[in-house]
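# Architecture at a glance
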Amino acid sequence: MDYYSRSQLPILSFDTAPEALEREEIRRILCEKPCNIVFVEVCGKLYGIVSRGDVSRAKRAGKERIPINRSYSFIVGKQFMAAREIFRGKKTIQEIPVIDREGRLMGMCSRTDDLLYLEYLEYSNPWESNRYIRPYLEQLKRVLFVRAPQGDTRREKIIDQWIREFTKCGVHCELIDFAELPGRQDAKATILIVDEETNKGGYFVTEALDGSVYRSDYVHTFRTYERFMSDPSYDELIQKMADFGIKVYNLYYSEDENTEGRRRLWNGMRQWLEQPEARNVNPHVTPSSAQGFYGELNKGTYAAEVGKLYFGMEASSVYTRMKDIQSRYLNIVNGERVTIGQPAEADRTIWFFGPCITIGGFVEDQYTIESILQKKINEAGFSFKVVNCGCHGTPYQEIIRITSTPMKPGDIIVVFVDNRPIAGTESVDMTEILDKNNAPVEWLLDTPAHCNHKVNMLYANELYERMQREGVLSAEVQQTEHPVMLTRDLAVNSLYLDLCFNSFHPKKGQTVGGIGMHGNPFTRGHRYLIETASKMVDWLICQIIEDEPGAFSFAERFAMAVEGTRDLPNVRIVAGGPFQATRNVFQEYFLRVEPADMRESATVDTLIFAENIAKRLGITYRFLGDEKHNPKMQFFNELVKEILPHYGIHVVEIPRLQAGDRPISASSARDAAAVGDRETLLQYVPETTLPFMIGGGEQ
């Protein structure tokens, strides 16, 4: 969660209460101060709001003026814990107005916290710590940066920093106004918008108001582009799979129009996007396209149900998984879409990863590529299980999901990760398949990855024929007794250490210690643990868990830890990465289980620290907080004490700091903040944590 002051918000003020707003009024204020909502004041007090959804609904109803929403959630004063409870309870709410006791607008709490993340990203200096960024930038030609709203110093400072770093690498950087954004979306240059809140404003202006399509494939936020700049690590990992006896097929689609068939397809997809109804429901099947898309299947409510399947997702910056669902046409179990005909046991596995086309976004279970391929494999008598691990996410999240999946030699993976050929893989061009088979354009929506069941059949047939032709289905392979994360060493280095520690080089003879913590929120106890440990080593690396199961986001917890330790010069606060205490490798950490039931996952987590992180960084001390009050964490501490000494790592357990006669805990701090008890809260947290919990200034 992040907080935006009144001066940063789009506000329309009136002397008398209006019933509705003109579109141009909304567009004008959004172009000045991009946001997901517009605030309406009457006589100096908050009267109502207008969101992108309000504009879209008015547009569908044929209304020229947009009604003002008078029913909305808000908080009085900067009681941030109350805002968090609203966000946790109502997933559709993205912003919450903050008013004073007289009803005047003070600011806004936003569910997204990109801006906060970016401010503290500079603490870890990714331009030097990430070995992939500069080589990536040196290949770029031109980037358009969307200018910060006038007077918005938070955004201006970050944009200036990024432009300086890009310019150092020879990238031509151009600043454009937000109002120029709809007309500058093309493939000639990357467009960067500083944060997600501004990005939502881009959607608001281009889709809800202008009626055009917002090209999110050309427009990126700084946070998502930070991961794109690490693309070379994905290539290394994908190519390395072959070294472990795993065949990789890489799906992508080319956008060239060098044949008549390709020109026909791309012209048809562009025309589909130009339909008014397509703009409103994109990327779902429209009523007018349903018959051509589903053909003989389009009976009754079929298109309405299958053409708009909803895929829920559990996600954080380092973890993604589809939410389970059971229904007539869509079934997801343990995060995997059901593959029809999948055998209970098989010698080998074909794993599918990626969004849309691999998930099967517009078809029922039996018509996904996976189900069609499974049927062909069963009929041919091969012992394979086809598993649909499809999930929406960034390329970074997808590659983490791939490298966190237990595979074995002889397995096959099919990926649709970054929509481009990847060296060392069998790249499969979906546009080429459509052209070769003279596929009707009615079978597609806006891209070759958004298609119907008949196109899925073409893709599945192509994959099967290639696997047969290359002999990978019948090849003999060496079996392993226990599946493991085969690329673990490479993944931890490429997706974590190379991104965070490329510039970390302790001097010879210096001792390095390590701590892992959640910090939900950062308390005096955390401060005591870090300060005590820092006196025993030359360098102390404190890893903040990136997975986000608690009240505070990773960005907030990272910021609190940085602020709470700025006076300790030998302490380095870092992200914990995707393979330390995350659901990728340690699912039980987040579940209510008996301590003994988490031994296997806890062991893997500890071994990753010992064999990869500690070895690379020269860590010889691991510090633990006393967890005698928590049986689960005490079990983990005992396991760490058992394993790490075998790797030459000294384990030091530090007693928990007390507040009076009670040990300090994060839960006690959250309870005090929830009722606004500043005096009690200060017993549990340092002054630097207070602004994140109850705010500062006027209450």
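Residues numbered from 1 in each chain as written. Predicted model: local features only at pLDDT ≥ 70, side-chain atom pairs only at ≥ 80, totals over all residues. Heavy atoms only, no water.

## Details of the sheet that holds strand 13 (residues 219-221)
How we decide: Between any two strands, pairing holds if DSSP finds at least two bridges. The helix and strand labels rest on DSSP assignments: H or I over at least four residues marks a helix, E over at least two residues marks a strand, and numbering proceeds from the N terminus. Orientation is described by axes fitted as lines to C-alpha atoms, over the contacting stretch for helices, and by angles from 0 to 180 degrees between their N-to-C directions. Any two residues whose heavy atoms approach within 4.5 Å at even a single point are treated as in contact.
A sheet is described by the order of its strands in space; here four strands give the open sequence 11-10-12-13, paired in parallel fashion. Edge positions in the sheet fall to strand 11 (172-176) and strand 13, since each has one partner strand and no second. Taking the axes of each pair of neighbouring strands and ignoring which way they run, one obtains an average angle of 30° across the sheet. Here strand 10 (residues 142-146) pairs with strand 11 via five bridges, running parallel. Looking at the pairing, arginine 142 lines up with histidine 172 of strand 11. Contacting strand 10, strand 11 and strand 12 (190-193), helix 7 (residues 153-168) runs over the sheet at an angle of about 175° to strand 10.

## So, the side chain of glutamate 197
Relative to the assigned elements, glutamate 197 resides in helix 8 (residues 196-209). If we ignore the near neighbours within four places in the chain, the residues touching glutamate 197 are Tyr4, Pro34, Cys35, Asn36, Glu95, Met108, Ser110, Thr112 and Arg155.

## Some thoughts on the sheet that holds strand 28 (residues 650-654)
Ordered by their spatial adjacency, five strands build an open sheet running 26-25-24-27-28, and the pairing between neighbours is parallel. The open sheet has two free edges, formed respectively by strand 26 (571-575) and strand 28, since each of these has just one partner strand. Pairs of neighbouring strands in the sheet enclose a mean axial angle of 25°, with direction left out of account. Two elements, strand 25 (residues 539-544) and strand 26, share five bridges in a ladder whose sense is parallel. Counted as the bridge partner of isoleucine 541 is arginine 572 from strand 26. Seen against the sheet, helix 21 (residues 554-564) touches strand 25 and strand 26 and runs at an angle of roughly 180° to strand 26.

## Some details on the packing of aromatic side chains
Formally: Working definition: rings of Phe, Tyr and Trp (its six-membered ring) pair if their centres are within 6.5 Å, and the pair is stacked with planes under 30 degrees apart, edge-to-face with planes over 60 apart, and tilted otherwise. Relative accessible area decides the class of each residue, using a 1.4 Å probe on protein chains only: under 20% of the type maximum gives buried, over 50% gives exposed, and in between gives partly exposed.
What the rule picks out here adds up to 26 aromatic pairs. For the pair tyrosine 123 and phenylalanine 558, a centre-to-centre distance of 6.2 Å together with 75° between the ring planes defines the contact as edge-to-face. Here tyrosine 123, found in helix 4 (residues 114-124), pairs with phenylalanine 558, found in helix 21; they are 435 residues apart in sequence, far enough to count as distant. The class for phenylalanine 558 is buried, based on a relative accessible area of 7%.

## A word on the side chain of asparagine 637
Here is the rule: Within 3.5 Å is the distance limit for a polar contact, defined as a pair of N or O atoms, with the added protein rule that one can donate a hydrogen and the other accept it, and that residues adjacent in sequence qualify only through two side-chain atoms.
Its location among the elements puts asparagine 637 in helix 23 (residues 631-643). In terms of polar contacts, asparagine 637 uses its side chain to reach the backbone carbonyl oxygen of glycine 625, at 3.0 Å.

## Overview of unusual backbone geometry
Following asparagine 520, the chain continues into proline 521 via a peptide bond in cis, with omega recorded as 10°. Mapping proline 521 onto the fold places it in the loop between strand 24 (512-517) and helix 20 (524-534). Unlike most non-glycine residues, cysteine 356 shows phi in positive territory, near 30°. As for its position among the elements, cysteine 356 is in the loop between strand 20 (348-353) and helix 15 (369-380).

## Overview of helix 18 (residues 453-470)
Threshold: Here, expected helix span is obtained from the residue count minus one, scaled by 1.5 Å.
The end-to-end C-alpha distance of helix 18 is 26 Å, a good match for the 26 Å that 18 residues give at a rise of 1.5 Å each. The first or second residue beyond helix 18 is glycine 471, which carries a positive phi of 75°.

## Let's talk about the packing of helix 22 (residues 599-617) against helix 23
Heads up, the rule is: For classification purposes, an angle smaller than 35 degrees is called roughly parallel, one larger than 145 roughly antiparallel, one from 65 to 115 roughly perpendicular, and anything else oblique. What makes a crossing left-handed is the near helix being turned counterclockwise from the far one by less than a right angle; a clockwise turn instead makes it right-handed. When residues are grouped by polarity, Ala, Val, Leu, Ile, Met, Phe, Trp, Tyr, Cys and Pro land in nonpolar, Asp, Glu, Lys and Arg in charged, and all others, Gly among them, in polar.
Where helix 22 meets helix 23, the closest approach of the two axes is 10 Å, and the angle between their N-to-C directions is 50°. Relative to helix 23, the element helix 22 lies oblique. The interaxial crossing formed by helix 22 with helix 23 has right-handed handedness. On helix 23, the residues that touch Arg599, Ala602, Thr603, Asp605, Thr606 and Leu607 of helix 22 are Phe635, Phe636, Leu639, Val640, Glu642 and Ile643. A breakdown of the residues in the contact of helix 22 with helix 23 according to their chemical character gives seven nonpolar, two polar and three charged.

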